[in-house]
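Chain by chain, the residues run as shown.
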Amino acid sequence: MALRMWASSAANALGVSCAPKSHLLPAFSLSRCFSTVLEGLKYATTHEWVKHEGSVATIGVTDHAQSHLGDVVFADLPEGGTVTAGKAFASVESVKATSDVNSPISGEIVEVNTKLSDSPGLINSSPYEEGWMIKVKPSNPAELESLMGPEEYKKFCEEEDAHH
């Protein structure tokens with residue numbers, strides 16, 4: 001119980017939201033609630049994030065997604081081309097599984113994070129900074145409006161975790 005109270009206090013101090021868990025669950029189950037959700041980003045239901053700045057949008061996987069994946073050991077990224085909203089553009093292999101990464105928006109790829117070839121673990125250690133995957137020139141900026149904001153995404157994750 002002391003661990004649960006400390007975790008709750010720590011989450012509040014860090015401004016992290018956590019769905020209430022049953023008192024019957026072990027304390028370590030709270031670890032799923034400590035995913036970081038950043039302001040200023042848009043989020044897809046498939047757990048990718050988009051940061052739109054000027055004419056370019058940066059895309060990566062969320063902290064929530066990487067925590068569920070486990071240690072990422074390989075990232076298969078495109079070399080260029082275009083992406084389509086809702087379609088896979090990459091895959092990541094972790095110690096648990098191989099998962100597709102879907103693009104939340106459509107557009108032309110203008111840059112690929114080549115650091116991930118040698119250091120795929122950046123997806124785990126820095127999902128919103130060094131672990132970004134591609135930069136895209138959006139072809140349909142209206143697609144950004146259909147994505148979730150930070151509060152919506154937190155709630156979505158909490159509800160999704162409650163069902164698992």
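Calculation notes
Residues numbered from 1 in each chain as written. Predicted model: local features only at pLDDT ≥ 70, side-chain atom pairs only at ≥ 80, totals over all residues. Heavy atoms only, no water. Helix = DSSP H or I, 4+ residues; strand = E, 2+ residues; numbered from the N terminus. Buried < 20%, exposed > 50% of the residue type's maximum accessible area, 1.4 Å probe, protein only. Contact = heavy atoms within 4.5 Å. Areas by Shrake-Rupley, 256 points an atom, 1.4 Å probe, with all protein chains shown as cover. pLDDT = per-residue confidence, 0-100. UniProt positions renumbered as here; feature names shortened; annotations may be inferred. Polar contact = N/O pair within 3.5 Å; in protein donor to acceptor, adjacent residues only side chain to side chain. Salt bridge = Lys/Arg side-chain N within 4 Å of Asp/Glu carboxyl O. Core = buried A, V, L, I, M, F, W, Y, C linked by side-chain atoms within 4.5 Å. Expected span 1.5 Å × (residues − 1). Arc of directions from axis to C-beta.

**Focus on the overall build of the protein**
- Looking only at helices and strands, the protein features 5 helices and 9 strands.
- In sequence order, the protein lays out its α and β elements as α-β-β-β-α-β-β-β-β-β-α-α-β-α.
- When burial is assessed residue by residue, the protein has 45% of its 164 residues classed as buried.
- For the protein, the proportion of contacts with a sequence separation of at least 24, taken over those separated by at least 6, is 60%.
- Here the protein has roughly 9,000 Å² of accessible surface; of this, 53% comes from carbon and sulfur atoms.

**Remarks on the confidence of the model for the protein**
- On average, residues of the protein score 82 in pLDDT, and 79% of them are at 70 or above.
- In this model, residues 1-33 is a region of pLDDT below 50 whose contacts with residues beyond four sequence positions or in other chains number 30 contacts.

**What about the environment of Leu69?**
- Along the chain, Leu69 falls in helix 2 (residues 63-69).
- Linking Leu69 and Glu93, residues 24 residues apart in sequence, is a C-alpha distance of 8.4 Å.
- Filtering out sequence-adjacent residues up to four positions away, Leu69 remains in contact with Val92, Ser94, Lys96 and Ser99.

**Examining the UniProt feature "modified residue: N6-lipoyllysine" (unreviewed entry) in the protein**
- The UniProt feature table records "modified residue: N6-lipoyllysine" (unreviewed entry) at Lys96.
- Here Lys96 lies in the loop between strand 6 (88-94) and strand 7 (98-102).
- You can call Lys96 exposed: its relative accessible area is 60%.
- Every residue in contact with Lys96, bar those within four places of it in the chain, is listed here: Ser67, His68, Leu69 and Gly70.

**Points about the side chain of Lys154**
- Mapping Lys154 onto the fold places it in helix 5 (residues 150-162).
- According to the relative accessible area criterion, Lys154 is buried, its value standing at 15%.
- Separated by 3.3 Å, the side chains of Lys154 and Glu151 make a polar contact.

**Some details on the pattern of salt bridges**
- Here the structure, examined in full by the defined rule, presents 3 salt bridges.
- Note that Glu53 and Lys51 form a salt bridge whose closest N and O atoms lie 3.7 Å from each other.
- Glu53 sits in the partly exposed class, given a relative accessible area of 48%.
- Between Glu159 and Lys155 there is a salt bridge, and its shortest N-O distance comes to 4.0 Å. Highlighted residues: Glu159 and Lys155, both in helix 5, separated by 4 residues, approximately one helical turn.
- Judged by relative accessible area, which is 40%, Glu159 ranks as partly exposed.

**Digging into the nonpolar core**
- Phe89, Val92, Ile123, Met133 and Ile134 are the most contacted members of the largest nonpolar core, which totals 26 residues.
- For this core, the secondary-structure elements that each account for two or more residues are strand 3 (56-61), helix 2, strand 4 (72-76), strand 6, strand 8 (107-112), helix 4 (122-125) and strand 9 (134-138).
- Those residues within four positions of Met133 in sequence are excluded, and the remaining contacts are Ile59, Gly60, Val61, Leu77, Phe89, Ala90, Val92, Val101, Val112, Asn113, Leu116 and Ile123.
- Counting 9 residues, the second largest nonpolar core, distinct from the first, contains Tyr128, Met148, Tyr153 and Cys157.

**Concerning helix 5**
- Helix length check: helix 5 (13 residues) gives 18 Å between terminal C-alpha atoms against 18 Å at 1.5 Å per residue, within 8%.
- Those residues of helix 5 not exposed but buried are Pro150, Tyr153, Lys154, Cys157 and Asp161. Taken end-on, helix 5 shows its buried residues confined to a sector of 105 degrees, consistent with a single buried face. In helix 5, the exposed residues that point more than 90 degrees away from the buried face are Glu151, Lys155 and Ala162.
- The inward-facing, buried residues of helix 5 contact strand 1 (42-43) and helix 2.

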